[in-house]
Amino acid sequence: MRVTFTVNGRRQEADDVWEGESLLYVLRERMGLPGSKNACEQGECGSCTVRLDGVPVCSCLVAAGQVEGRDVVTVEGLADFARQRAEGGCASGVCGTGLDEAQQWQARPTDSQTGEHAELAPIQQAFIDAGAVQCGFCTPGLLVAADELLERNDSPSDADIREALSGNLCRCTGYEKILDAVRLAAARGEQHTAGQGA
Amino acid sequence: MTGTPPRAATAPDRAPTNLTQGGKTKAGIGESTLRPDGTLKVTGEFAYSSDMWHEDMLWGFTLRSTVAHAEIVSIDTAEALATPGVYSVLTYDDLPTDVKNYGLEIQDTPVLAHGKVRHHGEPVALVAADHPETARRAAAKIRIEYAELPLVTDEATATAEGAPLVHEHRTDHHIGHVPHPNIVHRQPIIRGNAAEAAKKADVIVSGEYVFGMQDQAFLGPESGLAVPGEDGGVDLYVATQWLHSDLRQIAPVLGLPEEKVRMTLSGVGGAFGGREDLSMQIHACLLALRTGKPVKIVYNRFESFFGHVHRHPAKLWYEHGATKDGKLTHLKCRIVLDGGAYASASPAVVGNASSLAVGPYVVDDVDIEAIALYSNNPPCGAMRGFGAVQACFAYEAQMDKVAKKLGMDPVEFRQLNAMEQGTIMPTGQPVDSPAPVAELLRRVKAMPLPPEQQWLTAGAGADVRALPGGLSNTTHGEGVVRGVGYAVGIKNVGFSEGFDDYSTARVRMEVVGGEPVATVHTAMAEVGQGGVTVHAQIARTELGVQQVTIQPADTQVGSAGSTSASRQTYVTGGAVKNTCEHVREQVLGIGRRKFGTYHPAWATAELLLEGGKVVTDGGEVLATLADVLEGEAVDLELEWRHRPTEPLDLRTGQGNGHVQYSFAAHRAVVEVDTELGLVKVIELACAQDVGKALNPLSVVGQIQGGTTQGLGVAVMEEIIVDPKTAKVKNPSFTDYLIPTILDTPTIPVDVLELADEHAPYGLRGIGEAPTLSSTPAVLAAIRDATGLELNKTPVRPEHLTGT
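Residues numbered from 1 in each chain as written. Chains lettered and ligands numbered in written order. Predicted model: local features only at pLDDT ≥ 70, side-chain atom pairs only at ≥ 80, totals over all residues. Heavy atoms only, no water.

Going by the annotation in an unreviewed UniProt entry, the name recorded for chain B is Oxidoreductase, with Streptomyces tubercidicus given as the source organism.

As annotated in an unreviewed UniProt entry, chain A carries the name Oxidoreductase and is attributed to Streptomyces tubercidicus.

How should the overall build of chain B be read in this particular structure?
Tallying secondary structure elements over chain B gives 20 helices and 31 strands in all. The C-alpha extent of chain B, read off along each of the three principal axes, is 75 × 75 × 65 Å. Relative to its 803 residues, chain B shows a buried fraction of 65%. Within chain B, contacts between residues at least 6 apart in sequence are counted, and of these 79% link residues at least 24 apart. (Helix = DSSP H or I, 4+ residues; strand = E, 2+ residues; numbered from the N terminus. Buried < 20%, exposed > 50% of the residue type's maximum accessible area, 1.4 Å probe, protein only. Contact = heavy atoms within 4.5 Å.)

Can you walk me through the overall build of chain A in this structure?
Across its full length, chain A holds 7 helices and 5 strands. Here chain A holds 198 residues, and 56% of them are scored as buried. Look at the contacts in chain A between residues 6 or more apart in sequence, and 58% of them connect residues 24 or more apart. Summed over all atoms, the accessible surface of chain A reaches about 8000 Å², with 46% contributed by carbon and sulfur. (Areas by Shrake-Rupley, 256 points an atom, 1.4 Å probe, with all protein chains shown as cover.)

Explanation requested: empty space enclosed by the protein in the structure shown.
To find leftover empty space, one rolls a probe the size of a water molecule over the atoms. Residues and elements named next belong to chain B. Under the criterion given, the structure shown has 7 cavities of 30 Å³ or more. Computed from the structure, the largest cavity encloses a volume of approximately 620 Å³. As for the largest cavity, its lining consists of 40 residues, and the residues nearest its centre are Gln-529, Ser-566, Gln-702, Ile-766 and Gly-767. Of all the elements in the fold, those that place two or more residues in the lining of the largest cavity are α14 (531-543), α15 (568-595) and α18 (696-715). Among the residues making up the lining of the largest cavity, the classes are represented as 16 nonpolar, 18 polar and 6 charged. Each of domain 1 (20-47 + 502-641) and domain 3 (435-489 + 659-801) contributes no fewer than three residues to the lining of the largest cavity. (1 Å grid on protein atoms, 1.4 Å probe; cavity = no way out; pocket = protein on both sides within 12 Å on 5 of 7 lines; lining within 4 Å. Points joined across faces, edges and corners; volume = space filled by probe spheres on them. Nonpolar A, V, L, I, M, F, W, Y, C, P; charged D, E, K, R; others polar. Domains from an automatic or database assignment.)

I keep staring at the sheet that holds strand β21 (residues 480-493) of chain B and nothing clicks. Help me out?
All names here are of chain B. The mixed open sheet is built from 4 strands, whose spatial order is β21-β29-β30-β31. Single-partner strands in this sheet number two, and they are β21 and β31 (749-752). Between one strand and the next, the sheet's axes are offset by a mean angle of 20°, whatever the strand orientation. As paired elements, strand β29 (residues 660-673) and strand β30 (residues 678-689) share 11 bridges and run antiparallel to each other. In the sheet register, Val-670 faces β30, and the bridge partner there is Val-681. (Pairing = 2+ DSSP bridges. Axes fitted to C-alpha atoms, helices over the stretch in contact; angles between N-to-C directions.)

Sorry if this is basic, but what is going on with helix α11 (residues 410-417) of chain B here?
Note on helix geometry: an α-helix contains 3.6 residues per turn, so any two residues three or four positions apart are oriented the same way. Residue and element names in this part refer to chain B. What α11 keeps buried is the set Val-411, Phe-413, Arg-414 and Asn-417. One side of α11 carries all its buried residues, which in axial view fall inside an arc of 160°. Buried residues belonging to α11 abut β18 (328-338), α10 (388-406), α12 (437-446) and β21. N-capping of α11 is provided by Asp-409, with a side-chain oxygen placed 2.9 Å from the backbone N of Val-411. (Arc of directions from axis to C-beta. Polar contact = N/O pair within 3.5 Å; in protein donor to acceptor, adjacent residues only side chain to side chain.)

Looking at this structure, how should I read the UniProt feature "domain: Aldehyde oxidase/xanthine dehydrogenase a/b hammerhead" (unreviewed entry) in chain B?
Mapped onto this numbering, the UniProt entry gives "domain: Aldehyde oxidase/xanthine dehydrogenase a/b hammerhead" (unreviewed entry) at residues 43-150 of chain B. As annotated, residues 43-150 of chain B has a helix share of 13% and a strand share of 35%, and its two end C-alpha atoms lie 52 Å apart. (UniProt positions renumbered as here; feature names shortened; annotations may be inferred.)

Teacher, can you tell me more about the environment of Val-507 of chain B here?
Residues and elements named next belong to chain B. Of note, Val-507 is situated in strand β22 (residues 503-512). Val-507 gets classed as buried once you look at its relative accessible area, which sits at 0%. Leaving out residues up to four positions away in the same chain, Val-507 has contacts with Thr-519, Leu-543, Val-576, Thr-579, Cys-580, Val-583, Val-634, Asp-635 and Leu-636.

Could you clarify how one ought to interpret the interface of chain B and chain A in this entry?
Quoted interface sizes are often the accessible area lost when the parts come together. Facing the 73 residues of chain B at the interface are 59 residues of chain A. Considering only the surface of chain B that becomes buried against chain A, Val-42, Leu-219 and Ile-741 of chain B emerge as the three largest contributors, covering 16% of it. Between the two partners, chain B and chain A, sit 6 salt bridges. Salt-bridge contacts for Lys-37 of chain A lead to Asp-51 of chain B; the nearest nitrogen and oxygen are separated by 2.6 Å. Inspection of the region where chain B meets chain A yields 28 residue pairs in polar contact (both at pLDDT 80 or more). Breaking the side of chain B that touches chain A down by element, the ones donating at least two residues are β1 (19-21), α1 (38-43), α3 (132-140), β15 (295-298) and α18 of chain B. Of the residues contributing to the side of chain B that touches chain A, the split by class is 31 nonpolar, 29 polar and 13 charged. (Buried area = accessible area lost by both parts, 1.4 Å probe. Salt bridge = Lys/Arg side-chain N within 4 Å of Asp/Glu carboxyl O.)

Please clarify how helix α2 (residues 78-86) of chain A should be interpreted in this entry.
All names here are of chain A. Where α2 is concerned, the buried positions are Leu-78, Ala-79, Asp-80, Phe-81, Ala-82 and Gln-84. Residues of α2 that are buried sit in contact with β3 (49-52), β5 (71-73), α4 (122-130) and α5 (139-152). Where α2 terminates, the next one or two residues include Gly-88, which has phi positive at roughly 85°.

It is not clear to me how the layout of surface pockets should be interpreted in this structure. Could you clarify?
Residue and element names in this part refer to chain B. In this model, the second largest pocket occupies a volume close to 750 Å³. Forming the boundary of the second largest pocket are 34 residues, of which Glu-105, Ala-348, Phe-495, Ser-496 and Phe-499 lie nearest the centre. Going through the elements one at a time, β10 (183-191), α6 (243-254), α9 (346-355) and β21 are the ones with two or more residues in the lining of the second largest pocket. Inspection of the lining of the second largest pocket shows a minimum of three residues originating in each of domain 1 (20-47 + 502-641) and domain 2 (50-149 + 221-268 + 275-307).

Now the structure itself:
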């Protein structure tokens, strides 16, 4: 079957999709977007978390056919998504990304192979700064989940952070630095807001 | 991929890249430099092994045995091969050479089962197809007839008279000294006279302990891509811990010279020992060479539980004696590790378990024996802590029991018996670097305790999320009791017992765009630990340059040894440092040749490279590196070794077996719902000596991560093998539980830096030690809370409620 949907602001078509294929498989193997990770493929680890019409979901549990006509944001689009949200635009696509706009969307090239000087979402930068990335396999899913938390709650308590990220397994860090990263992103967001107010 | 010769095969469209890091800060050793791969990892662009992709690639799938021990009567692949979309189906009969087994030390593991299967999940056949689901469905059509055999599942069944032999034709070098062919290796450690010393004891305490089978549960599944080359060779992009060890095992099976098996490390999603053994490497190469097409294999989580070895489950019998003034008199112990169907790292795990069985304590009279069994259980091998973890669980429980019997404080009792620099180990090896065991205990005890029963004092009633059972709302504090427990452990760093544990680094220095640039190329597996960060820091420190490029690890450079045993910063870090020192000397030689006549200091002063310049030790600038190196490059590849170790005597266990020791202490605070048997770990504080923190941020991350894996095995992690069938009952993240962020408490860390004068920069391997003591600390805290004996990991609700 053919599945047509929007990924990170761009309209995408996938042909010859087998009915049992997951959104995760389509993103990784057909769209060339391997950022969403395949750690358990049964909804237990959260590594494949994406936003589907703004709602965080395990993309391994979403059948590809279910996303027909819908809007998906993956870690690859997180920076742009956060930027548009900060600019007051409609980031999630829930309110509709215009076709013209979507077709003009371009991934931003980075200036080195490490992606240094790439524009990052605040939560992405905070994960790097706090040392919350080790092997990094859980990181994309955690970033999508943490970004969604901060969208809902810009000053979460530790208990709020733990609750929001409890569906994302990490085997390397012991979570402490992930907590640090979310706290850091929240604090920077508050500073940013305070600066605007002043 | 600069600096490497052209490849015989086409590179994948998605492949590992150089990591270049500039930055404005000095970012040398001792600073919390950020990861050079951090940006790639947070943007989703970092190429993990499961992300490898090649035009026109096929998908491989492995069919695994559904029984634990059986003769293979027949295999029929015809229907599978006839499935549309299937390109190849391989069994044992299709292997290209007479080399049909592999193994880390003992080559006893079949590439594909032949004649019989020895454990549940053993690979039997391979399929390559154009879609992963096609491959899976075709594999399901392969018909295998098994004739089941009697099982060996524990020491009793392994050594019973007439027991079936797991390996009936053993020829390895351990067979001559083991008491039974179902025992892989046996290592006694005899020092002093334990029986005589026991007579001096005022109290004698014994205990029997059971350590469950833990899984590494790294998040990135076993995966990789094999691309056939035009020269008949193969390029393999894979996640592993040691490229050259894999290469040594892969090439003979394929019948290829090692130079025709070109391996490149692709992104590794965690390892923890689980990638020391081969998984899909040979399988993908076989399918690629057979089909002439690139083949990608990615295990799903279910298969991953069968795709790697686990931590050895263990039974441990311990007897300690002590005088009434609190001095340990002797230790007798016996440790039985279940190695499962294949040897893997079992011999080395036995060596560690025995030589570290006494823990970080002074006990002159010991009688220790450790063995590893062959059985039909899942194969066990390397996992973080490697033999020392199981022993630590037992000896720390014993320390609490002895202290209790003497009426002493458990921490003071440990401190009274703590080893220190100069202590002679049970192996006869003197400890010749700092061993701050008492100090670590003092520090961890001195850390402020978390507030008492937060759920009562919060004011507006209990936040149930903080209680055992959490959001399940199972209690509002009724029946909840708190306990505090301590533990400390000792782990050897690096490979021991005479192993030639070297590493290789290639360092190039040149001017690019007017700036001096260093390129570091090693075969070190970056598995998340941060080796790439540290290598760049070392190059900056030694060469005075800002910009450092870390090339992808591959087999175009000499071996770096394994990313395991807490050794990689020591050994490959040492190799990078050493090579940089030689590069520096050559750079200075060029400078002397070009500019030596302009300033006498070139001949007389101690010269350093700093901030892109050649400076005297007095700080005078003699030249810029850009001017010195203009038009010339220095490029060196050198091996580096730490001081050698010795094998342990097979009868007495005596020998200078270890390179270095690493120490960590934990204090656990737990709350237990005694009615439901639910445990909430409130805090797990750690104090660890790291010798020198090359990157403090990464050091703390390693300590917290290791601590959490120890917490996991204390309260939830266990691969459950049915004793009647030897089948794994819980191969999924639904049933094998690892700690979530809700299960993991605050982990305050106190880092002590007492330099080891024998090690580069004084550093001490850090990755494993925190995994040792966190488990017994949590157990001790639960015992403190409940008064129960608790001698098994993990602690389950039924152990706490007696149900």
